[in-house]
Amino acid sequence: RGMLTEEKNRLLTEVGPGTPMGNLLRRYWHPVAGASELDKKPLKAVRLLGEDLLLFKTSGGNVGLVGRRCAHRGSDLRFGIVEKDGIRCSYH
């Protein structure tokens with residue numbers, strides 16, 4: 001009864017997109033930063049459940065979390081432009 005099999009260990013520890021544990025954990029809220037962290041610098045790169053994400057605060061005061069790469073150009077959104085309603089890739 002002691003040790004987990006390699007298969008069960010993988011089932012419980014892999015949290016990337018499309019994995020059983022990753023799918024389960026994505027059903028819950030996860031604190032990634034304090035709201036005040038975004039007051040001085042409105043962009044914060046975070047890694048959560050095996051994904052590189054970007055936490056941002058718009059000039060309108062809303063907070064969002066998106067994939068860190070632009071879907072169109074693949075550029076890093078840490079260099080994006082924060083606007084009133086969201087974040088824009090620096091190339092668009």
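Conventions used here
Residues numbered from 1 in each chain as written. Predicted model: local features only at pLDDT ≥ 70, side-chain atom pairs only at ≥ 80, totals over all residues. Heavy atoms only, no water. Disulfide = S-S within 2.5 Å. Buried < 20%, exposed > 50% of the residue type's maximum accessible area, 1.4 Å probe, protein only. 1 Å grid on protein atoms, 1.4 Å probe; cavity = no way out; pocket = protein on both sides within 12 Å on 5 of 7 lines; lining within 4 Å. Points joined across faces, edges and corners; volume = space filled by probe spheres on them. Nonpolar A, V, L, I, M, F, W, Y, C, P; charged D, E, K, R; others polar. Pairing = 2+ DSSP bridges. Helix = DSSP H or I, 4+ residues; strand = E, 2+ residues; numbered from the N terminus. Axes fitted to C-alpha atoms, helices over the stretch in contact; angles between N-to-C directions.

## Section: the state of the cysteines
For step 1, the next point in the chain: Using the criterion set out here, one finds 0 disulfides in the structure.
For step 2, the next point in the chain: Between Cys70, a cysteine without a disulfide, and Cys89, which holds the nearest cysteine sulfur, the sulfur-to-sulfur distance is 3.8 Å.
For step 3, the next point in the chain: Owing to a relative accessible area of 10%, Cys70 belongs among the buried residues under this scheme.

## Considering the layout of surface pockets
For step 1, the next point in the chain: The space that makes up the largest pocket amounts to roughly 160 Å³.
For step 2, the next point in the chain: Per-class residue counts for the lining of the largest pocket are 6 nonpolar, 1 polar and no charged.

## Considering the sheet that holds strand S3 (residues 63–67)
In a beta sheet, neighbouring strands pair by backbone hydrogen bonds and run either parallel or antiparallel.
For step 1, the next point in the chain: Read from one edge to the other, the open sheet built from 3 strands follows the order S1-S2-S3, with strand pairing classed as antiparallel. Each end of this open sheet is capped by a strand with a single partner; those strands are strand S1 (43–48) and S3. Going from strand to strand, the sheet's axes swing by 30 degrees on average, the running direction of each strand aside.

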